[in-house]
Amino acid sequence: MKLKEIYILSGGTDSGKTSVLKEVISKKENILGILQIKVNNRRFLYNISNKRSYALEMEEKNDSTFSIGRFHFAKSVFIKVQDEILSQIQNHNELIIIDEVGPLELKDCGHYDLIIKLLNQNLSQKLLFVTRSSLLDLVIQKFKIIPIEVFRMPL
C-alpha cells in the first residue's frame with residue numbers, strides 16, 4: 001500500500017478554516033468531501049460534489065443523535081454523507097476534505113467510520129482533515145497519521 005498524502009488544516013474555533021476551504025473549492029472542481037457550515041447559527045454538513053446541505057444539529061438528545069455537551073447531531077446525516085462520499089470516491093478527485101475531525105471523531109462517532117475507511121483504502125487522492133488547534137495532537141495520535149504538512153490558521 002502506498003503512503004497516503006495527508007494534510008491537516010488547523011485553527012481555533014471560528015478562525016476561518018471553513019471559509020478558506022469555501023474559497024478553495026470555489027476555484028477548483030476536482031474536490032470531494034464535506035464541509036461543516038453554519039447557517040443562522042445551526043450546523044449543516046455540505047457535500048462539496050453535489051452541493052447539498054443537510055441539517056446536522058438537533059434540538060435534543062435521543063437515540064438517533066451523537067451528543068457533545070449541549071450540542072446534538074443527527075447520526076443519519078453522518079451516514080448519508082458518508083455513503084455519498086464513498087460512492088463518489090472512484091471519480092478520480094484530486095482531494096478529499098473532511099471538515100471537521102473533532103470531539104465526536106475522537107469518541108468514535110461523527111465522521112469516524114468515514115475517516116477509517118478513507119485511511120484503509122488504497123486511494124490516489126490527497127486527504128485534508130480539518131481540526132481545531134487544541135485537538136491537533138489528539139487527532140494525529142487517534143488516527144495514527146503522519147501529515148505531509150499542517151496548515152495553521154491564520155494562513
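Residues numbered from 1 in each chain as written. Predicted model: local features only at pLDDT ≥ 70, side-chain atom pairs only at ≥ 80, totals over all residues. Heavy atoms only, no water.

A. Fine view of the overall build of the protein chain. If you tally the helices and strands in the protein chain, you get five helices and 10 strands. Compactness check: the protein chain gives a C-alpha radius of gyration of 15 Å against a globular reference of 15 Å for 155 residues, within 12% of the reference. Considered along the principal axes of its C-alpha atoms, the protein chain spans approximately 40 × 30 × 30 Å. For the protein chain, with 155 residues in total, the buried portion stands at 45%. Residue pairs in contact within the protein chain that sit at least 24 positions apart in sequence constitute 63% of those at least 6 positions apart. Each charge class in the protein chain was averaged separately, 22 positive and 18 negative side chains, and the resulting centres sit 1 Å apart. (Helix = DSSP H or I, 4+ residues; strand = E, 2+ residues; numbered from the N terminus. Rg over C-alpha atoms; globule rule 2.2 N^0.38 Å. Buried < 20%, exposed > 50% of the residue type's maximum accessible area, 1.4 Å probe, protein only. Contact = heavy atoms within 4.5 Å. Lys, Arg positive; Asp, Glu negative; His and termini not counted. Charge placed at Lys NZ, Arg CZ, Asp CG, Glu CD.)

B. Focus on helix H4 (residues 112–120). Among the residues of H4, those classed as buried are Tyr112, Leu114, Ile115, Leu118 and Leu119. Buried residues of H4, seen end-on, are gathered within an arc of 165° and therefore sit on one face of the element. (Arc of directions from axis to C-beta.)

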